[in-house]
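Results of the structural survey
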Amino acid sequence: MPRPIEALLHPDALAGNLRVARHHAGDSRLWVVIKANAYGHGIERVWPGLLGADGMAMLDLDEAQRVRNLGWRGPVLLLEGCFEPRDLELCSRLNLWHVVHHEAQIDWLAAHKTHQPHRVFLKMNSGMHRLGFTGHHLRSAWARLNVLPQVDEISLMTHFSDADGPRGIAEQVAAFHAATHDLPGERSLSNSAAILRHAGDAEVRADWVRSGILSYGSAPDFPEHDSAHWGLSPTMTLRSRLISTQALQPGDTVGYGSRFRAEQPMRVGVVACGYADGYPRHAPTGTPVLVDGVRTTTVGRVSMDMLAVDLTPVPLAEVGSEVTLWGHGPQGSGSVLAIDEVAQAAGTIGYELMCALAQRVPTRVVEGPGCTMAVSPHPLQPQHVQPCHPPAHA
Ligand SMILES: *Cc1c(COP(=O)(O)O)cnc(C)c1O
């Protein structure tokens, strides 16, 4: 039998999350952001869930090529634009729209030979100071692009640094407005946090919104709001099983560095999941986890291939019990462990955990939200042995 860990991917949940984005975004068109291989999910694995978007946005040309190979004829946007002149050939061939955020990209366009003029998104640095043109540089870039035969349509775009927090977006929206209000073209401003928190403002919704993390069921402004508050559902479940249980006496310690010491007699379970699977090594004792759908916590340090959990709230748990590291709990339990909670305990964000899912973890695509593991050797809780929905893709 293979090691029991697996990741389940839920394209239906992704489709539902995109409906949430649409609900907030009104008439704006919706980019689904699929960079980093769809935030670690695998573009091909969650493909059916992405099709409700109006366009797909990413950074890697390889990913753009993959969505074209999958048959996507709609808009594709390269969020960082071209990295070198010959990237423009692929843009011409595959009809990719691309961001222009520095002068050299305009030079490359000016020298590019194409029969098909390109649609570009001119990026303004409205205060984040990562990519884009500021103030009068933006206007001269626009003027340069505007006379190039290689350029068809110029759209305008910016990115918010604080849409999820107290600083908000007002200053950046004002800077964008001041620099662009008299320029023609479509506009795109909002990431997930802005879609959920600020899309009541038509200027913020603009023509296109860019739905990233919310598409994958994580709340961009956790812990102020959680995914349930926004009606989002996890698109990735990481689950495994207990491969050992241990009875501890007071004073016994667990794991490397003896970071956890029992104060009273207790049982712990050992889970086939470690940092080599993408579980965060920095998750401390007390990080939430589900055992047989019951909420408990990790104890001690996370090892490469294993971690330990407190079985006190789950006295019937045994070797073989299902463990949910994040995502949907056992089928029928209705339980969910938000990836945001695990991330917060480990001092990171849901984005990083999704993107860090390790290659060695087998993945399975399931229809509907949760899915019970196919084989459960658990003798005491036979109701947990239920067939899985057939996978949408092998
Ligand atoms: C990643 C990215 C997004 C999506 O951000 P989320 O916070 O995941 O919604 C939007 N726009 C740009 C330019 C990005 O790089």
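The text that follows walks through the structure, step by step, so that each part is easy to find. Computed from a prediction, not measured in an experiment: that's the story for all the values here. (Residues numbered from 1 in each chain as written. Predicted model: local features only at pLDDT ≥ 70, side-chain atom pairs only at ≥ 80, totals over all residues. Heavy atoms only, no water.)

Details of the overall build of the protein chain
Note the cut-off: Helix and strand assignments come from DSSP, with helices taken as H or I runs of at least 4 residues and strands as E runs of at least 2, each series counted from the N terminus. The globule rule is 2.2 Å times the number of residues to the power 0.38, and the radius of gyration it is compared with is taken over C-alpha atoms. Burial status follows relative accessibility: with a 1.4 Å probe on protein chains alone, a residue under 20% of its type maximum counts as buried, one over 50% as exposed, and anything between as partly exposed. Note on definitions: a residue-residue contact is assigned when non-hydrogen atoms from the two residues lie within 4.5 Å. Accessible surface is estimated by sampling points in the Shrake-Rupley manner with a 1.4 Å probe; for residues, cover comes only from the protein chains shown.
On a plain count of helices and strands, the protein chain comes out with 13 helices and 19 strands. For 394 residues, the compact-globule estimate of 2.2 N^0.38 gives 21 Å, and the C-alpha radius of gyration of the protein chain, at 24 Å, lies within 12% of that figure. Taking the principal axes of its C-alpha atoms as reference, the protein chain extends roughly 75 × 40 × 35 Å. Looking at the 394 residues of the protein chain, the share that counts as buried comes to 56%. Restricting to contacts in the protein chain with at least 6 residues of sequence separation, those with at least 24 account for 64%. If you sum the accessible surface of the protein chain, you get close to 16,600 Å²; carbon and sulfur atoms cover 53% of it.

Regarding the packing of aromatic side chains
Defined as follows: Note on aromatic contacts: the rings of Phe and Tyr and the six-membered ring of Trp form a pair at centre separations within 6.5 Å, being stacked when their planes are under 30 degrees apart, edge-to-face when over 60 apart, and tilted otherwise. Charge-over-ring contacts are defined here by two conditions on Lys NZ or Arg CZ: a distance within 6 Å of the ring centre and an angle within 35 degrees of the ring normal.
For the structure shown, the criterion picks out 8 aromatic pairs. On the numbers, 4.6 Å between centres and 25° between planes, the contact of Y39 with Y216 is stacked. With Y39 in helix α2 (residues 35-39) and Y216 in the loop between β9 (208-211) and α11 (227-230), the pair connects residues that are 177 residues apart, well separated along the chain. Given a relative accessible area of 6%, Y39 falls into the buried group. The exposure class of Y216 is buried, given its relative accessible area of 1%. Put simply, the rings of W31, W97, F121 and W208 touch in pairs and so form one group of aromatic residues. Lying over the aromatic face of W97, R119 brings its terminal NZ or CZ to 4.1 Å of the ring centre.

Quick word on the pattern of salt bridges
Short version of the rule: Note on definitions: salt bridges are taken to be side-chain nitrogens of Lys or Arg within 4 Å of carboxyl oxygens of Asp or Glu.
As enumerated under the stated definition, the model contains 21 salt bridges in all. We note a salt bridge from E6 to R239, for which the minimum N-O separation is 2.8 Å. Separated by 233 residues along the polypeptide, E6 in strand β1 (residues 6-9) and R239 in strand β10 (residues 236-248) bring together distant segments of the chain. Accessibility expressed as a relative area gives 12% for E6, which makes it buried.

A word on the layout of surface pockets
Short version of the rule: Using protein atoms alone on a 1 Å grid, points that fit a 1.4 Å probe yet trap it form a cavity, whereas open point sets bounded by protein on both sides within 12 Å along at least five of seven lines form a pocket; residues with an atom within 4 Å of a point count as lining. Grid points are joined across faces, edges and corners, and a volume is the space filled by probe spheres set on the points. The domain limits used here are those given by an automatic or database domain assignment.
Of the pockets and cavities examined, the largest pocket occupies roughly 790 Å³. If you trace the largest pocket, you find 38 residues lining it, with K35, Y39, H159, N191 and Y351 closest to the centre. Broken down by secondary-structure element, the contributors of at least two residues to the lining of the largest pocket are α2, α9 (192-198), β9, α12 (339-345) and α13 (350-355). In terms of domain composition, the lining of the largest pocket takes at least three residues from each of domain 1 (11-218) and domain 2 (236-361).

Regarding the site of the ligand
Where we set the bar: A molecule or strand has a residue near it when one of that residue's heavy atoms lies within 4 Å. Here a polar contact is taken to be a pair of N or O atoms separated by no more than 3.5 Å, where protein atoms must pair a possible hydrogen donor with a possible acceptor and residues adjacent in sequence count only if both atoms sit in side chains. If over half the atoms of a molecule are within 2 Å of the grid points of a cavity or pocket, the molecule is regarded as sitting in it.
Around the ligand, a shell composed of 13 residues is seen, among which K35, Y39, S192, I213 and Y351 lie nearest. One of the side-chain nitrogen or oxygen atoms of K35 is found 2.7 Å away from an oxygen atom of the ligand. Measuring from an oxygen atom of the ligand, one finds a side-chain N or O atom of Y39 at 2.6 Å. Contact with the protein chains covers 93% of the free accessible surface of the ligand, which is 390 Å². Spatially, the ligand is embedded in the largest pocket.

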